[in-house]
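Summary of the model geometry
Below, each chain spelled out in residue letters.
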Amino acid sequence: MISQVNDVEMVRRGVHTPGTLHLTTHHLIFRENAVSSKEVWVCYPIMAYVERRPFSAFTGFSALRIRCRDFAFLSFNFNNERDSKAVFDTLMALACVPCVDHLYAFYYHPGSAERTVNTWNIYDPVKEFQRMGVGTTIKSWRVTTINEDYQFCPTYPRVLVVPASVPDSVLTYAGRYRSKARIPTLSYIHPLNNCTITRCSQPLVGLKQNRSAQDERFIHAIFTTTKVPNTYGASQENLIVDARPTTNAIAQTALGAGSENMENYKFARKVYLGIDNIHVMRESLNKVYEALKDSDITPLPPNRELLYKSGWLKHISTVMEGAVLMGKRIHYFHSHVLVHCSDGWDRTAQLSSLAQIFLDPYFRTIDGFITLVEKEWLACGHRFAERCGHLSSEKSFVQASDKSGNTGSQSTAHQAFSNVMSAAKSAAEKASAGGGGGSSSHGASLKYTAPIFHQFLDCVYQLLRQFPDRFEYQERFLRRMLYHLYSCQYGTFLFNNEKERIDANVSQRAQSVWDYFVVRKREFINPRYVPDLDQGDRGADAVIFPDPKNIRWWHEVFGRSEEEMSVVTLNGIGSTATAQAAVQNRRRLQQYQQPKSQQQGPQLMPTSQSHSYDSLRDAASSTLSSWASSMAASSNAWANAALPYIASSSAYLSSSYADAVEQPGLSDIHSSSTYHRSPKSAFSPTLSTTDSDVSLGFSRSSQSTTTTDERELEDTQEHPAIEKLAGMSLDPLDSYSLTHGGNSDEAYIPETQ
């Protein structure tokens with residue numbers, strides 16, 4: 001264990017800052033050597049991935065690269081291998097704690113302002129449902145005590161609201177037909193027509209197509225708590241919303257679950273929303289991380305092609321579409337909506353929460369949003385500990401291979417350390433299992449982590465962007481909530497449900513995250529908020545329905561500008577200008593995949609004769625130098641392999657340019673963002689110029705053309721550096737281009753300016 005290292009260099013967005021590194025019990029702190037002595041604090045639970053690079057004679061340092069869950073990317077350079085290894089081992093020991101009781105929340109001492117408030121009881125479920133009219137103006141619903149001791153459903157809250165016509169005996173039988181006994185329970189009553197949103201888990205239909213008369217009676221009672229208005233043309237078509245893709249829901253039948261057989265629920269209609277599961281969402285966010293992964297060592301924009309391939313905005317759009325469907329069905333068609341996914345604590349929480357924000361302006365205030373998170377996420381059992389991975393895993397700490405091929409993570413010492421950590425964690429889990437709920441452990445598996453709450457906040461950000469004057473809170477409010485979702489500084493988001501938090505006595509041992517937001521409420525007020533816009537007659541003018549296709553990157557959370565994150569997105573989501581540019585780009589790529597006879601040797605394709613040889617050469621050389629510097633600091637195999645090629649390209653350009661510029665029949669072309677591959681073809685550097693940009697990229701000549709989606713990498717003997725690239729996974733080279741100037745919307749590739 002080590003607590004301080006001097007003469008450390010921090011690299012962030014390509015900026016190198018010397019200073020001192022401190023390792024406390026719960027934070028990594030970097031203090032600059034400058035007079036200002038600025039500090040960077042990083043709490044251990046927020047570290048998503050830590051990679052140690054061994055000492056390199058080429059760079060002169062050993063590096064520690066850290067990727068955080070809030071999309072902060074840092075790199076620390078050490079002068080020797082000993083300090084780097086000691087810091088790596090210390091970070092892993094402090095971050096991979098054996099149980100929840102070791103997290104920062106149970107050691108945090110709040111400041112004077114936060115000590116003046118206690119927000120553990122900021123949410124009162126009885127008062128919230130009374131606000132909607134339950135027990136006061138609306139008599140068709142009642143509060144049941146069936147789960148008062150959490151014996152009926154451990155993952156549900158103590159307070160449940162059900163139709164007044166359904167006795168607890170029916171609830172007991174209905175619970176046996178729903179996964180984990182998560183029966184339909186009230187989430188929201190719309191003030192305009194008293195129609196409702198109820199939520200539950202999937203039915204246990206199974207291969208035998210089981211049914212439950214009590215469950216059918218229960219849902220029928222929900223849908224008949226209101227009557228159809230006695231007006232011309234009025235109709236009511238109540239909806240059962242299954243958030244999953246159809247195939248996923250059907251596949252659950254083989255596991256004893258499934259979806260409702262609508263022959264038994266003829267009083268309603270069912271729709272599938274096609275929202276993917278947690279594993280797809282996790283992989284989608286991982287691809288976003290990949291697009292941003294070099295944010296520590298370079299100031300360049302993200303890899304836009306990887307952002308496109310992540311499908312993140314498509315998933316946001318799909319969730320928004322489902323919530324809009326629910327909200328419109330309630331508001332315009334006087335219908336009730338019952339929503340579920342599999343267990344009813346992930347996609348169900350997203351959809352129910354968003355629909356309520358659409359329909360009720362109260363949830364567009366700070367107090368209302370806190371109530372919404374408490375009611376739909378914390379009380380109803382979203383598995384925060386499991387989805388957020390608060391207990392870090394040793395798998396997230398990686399030691400890269402050195403030049404001799406030895407992998408540090410597989411060394412004897414490191415393996416022994418990992419074994420000790422695993423044994424300690426196992427012992428703690430066994431002890432907590434027999435010692436009560438206060439030390440409940442959740443393991444450190446990454447299998448069930450997923451950015452579900454992050455997606456919800458991203459959807460709310462889209463609402464803020466589309467309706468900037470309808471929300472009391474601003475974007476930073478959402479961003480700070482995302483940070484504290486992972487910081488483990490407060491006890492609110494620890495554990496998986498209300499029962500676990502009560503058993504662990506969290507409210508007496510840790511601070512509530514709402515303390516932080518309440519005492520700083522003024523900092524999160526939206527200056528553009530106009531509350532008078534939501535003062536319509538019983539909510540008639542208070543509803544908002546966003547455009548699910550008008551989705552943009554939440555660039556602030558990624559620490560980027562909107563221009564840097566601009567990228568063509570799936571299903572038409574994204575700016576029109578960007579989409580049009582991408583279509584034009586693809587057409588150019590197809591047009592200029594010429595036969596080999598027309599593509600011999602290095603080709604220069606100038607679009608304007610006004611570019612002189614000297615200016616083009618200088619621009620290309622400058623670009624090469626910039627990229628060589630960035631690649632020298634990179635730990636990627638593709639970058640190291642490409643360095644010799646880049647180093648020799650300046651001289652190559654000088655000797656080849658004069659001949660290339662005289663080639664006849666060359667047409668204008670903009671810089672390509674795609675690395676062309678075709679069978680048995682040859683590499684050649686291609687310098688493409690326009691009036692606004694100069695770009696050097698790779699092209700291949702071949703007698704047969706291929707589409708830009710093909711990714712087969714063939715062997716080549718054209719250049720020694722390129723030979724090293726054969727067989728590697730070359731994500732950056734898939735969109736490799738060196739660009740000077742130009743329009744960022746014209747390609748997926750990052751630019752140097």
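Rules used in this analysis
Residues numbered from 1 in each chain as written. Predicted model: local features only at pLDDT ≥ 70, side-chain atom pairs only at ≥ 80, totals over all residues. Heavy atoms only, no water. Axes fitted to C-alpha atoms, helices over the stretch in contact; angles between N-to-C directions. Helix = DSSP H or I, 4+ residues; strand = E, 2+ residues; numbered from the N terminus. Parallel < 35°, antiparallel > 145°, perpendicular 65-115°, else oblique. Left-handed = near helix turned anticlockwise from the far one by under 90°. Contact = heavy atoms within 4.5 Å. Pairing = 2+ DSSP bridges. Salt bridge = Lys/Arg side-chain N within 4 Å of Asp/Glu carboxyl O. Buried < 20%, exposed > 50% of the residue type's maximum accessible area, 1.4 Å probe, protein only. Core = buried A, V, L, I, M, F, W, Y, C linked by side-chain atoms within 4.5 Å. 1 Å grid on protein atoms, 1.4 Å probe; cavity = no way out; pocket = protein on both sides within 12 Å on 5 of 7 lines; lining within 4 Å. Points joined across faces, edges and corners; volume = space filled by probe spheres on them. Nonpolar A, V, L, I, M, F, W, Y, C, P; charged D, E, K, R; others polar. pLDDT = per-residue confidence, 0-100. Lys, Arg positive; Asp, Glu negative; His and termini not counted.

The contact between helix α3 (residues 168–175) and helix α4 (residues 213–223) brings their axes to 8 Å, and the two run at 120°. As summarised for this structure, α3 and α4 are arranged oblique, according to the angle between their axes. In the crossing of α3 with α4, the sense of the turn from one axis to the other is left-handed. Across the interface between the two elements, V170, L171, Y173 and A174 of α3 pack against Q214, D215, R217 and F218 of α4.

Moving on, we come to the sheet that holds strand β11 (residues 196–199). The five strands are arranged β10-β11-β14-β12-β13 in an open sheet whose pairing can be described as mixed. One side of each edge strand has no neighbouring strand; the edge strands of this open sheet are β10 (185–189) and β13 (269–272). Across this sheet, the average inter-strand angle for adjacent strands is 25°, counted without regard to direction. Contacts between helix α9 (residues 347–359) and the sheet are confined to β10, β11 and β14 (337–340), with β11 contributing the most and set at about 165° to the helix.

Scanning the entire structure with this criterion turns up 35 salt bridges. Close ionic contact of E564 with R13 constitutes a salt bridge, the shortest N to O distance being 3.3 Å. Of the two residues, E564 is situated in helix α18 (residues 562–565) and R13 in the loop between β1 (4–12) and β2 (15–23); the sequence distance between them amounts to 551 residues. Accessibility expressed as a relative area gives 16% for E564, which makes it buried. Among the residues examined, R13 registers a relative accessible area of 27% and is labelled partly exposed.

Take the nonpolar core next. Judged by nonpolar contacts, the single largest core of 149 residues is most densely connected at F76 and F369. Setting aside anything within four residues of it in sequence, one finds F76 in contact with V8, E9, M10, L21, L28, F30, S62, A63, L64 and I66. Counting 13 residues, the second-largest nonpolar core is a separate cluster that includes V100, L103, A504 and V506.

In this section: the layout of surface pockets. Roughly 690 Å³ of volume is contained in the largest pocket. Along its surface, the largest pocket is lined by 29 residues, and W120, Y123, E374, E498 and I502 are the ones closest to its centre. Listing elements by their share of the lining of the largest pocket, those giving two or more residues are α2 (125–132), β9 (160–163), β10, α10 (366–379), α15 (498–503) and α16 (506–509). Looking at the lining of the largest pocket element by element, the count peaks at five residues for α10. Along the lines of polarity and charge, the residues of the lining of the largest pocket split into 15 nonpolar, eight polar and six charged.

Glancing now at the confidence of the model for the chain. Per-residue pLDDT for the chain has a mean of 77; in total, 68% of the residues score no lower than 70. Under a pLDDT of 50 for its full length, residues 568–613 has, in the predicted model, 97 contacts with residues more than four places off or in other chains. Throughout residues 645–753 the model reports pLDDT below 50, and contacts reaching past four residues in sequence, or to other chains, amount to 266 contacts.

On to the sheet that holds strand β6 (residues 61–68). An order of β4-β3-β2-β1-β7-β6-β5-β15 is seen for the eight strands of this open sheet, with the pairing classed as mixed. Strand pairing shows two members of the sheet lacking a second neighbour, β4 (39–43) and β15 (397–399), which therefore form its edges. In this sheet, adjacent strand axes meet at a mean angle of 25° when their direction is disregarded. The sheet contact formed by β6 and strand β7 (residues 73–78) spans six bridges and is antiparallel. Its bridge partner being in β7, S62 is matched across the sheet by F78.

Right, let's talk about the side chain of R282 for a bit. Note that R282 resides in helix α6 (residues 278–292). As a buried residue without a salt bridge, R282 has its nearest oppositely charged side chain in E283, at a separation of 4.3 Å. In this view, R282 contacts L446, K447, Y448, T449, A450 and P451; residues no more than four positions away in its chain are not counted.

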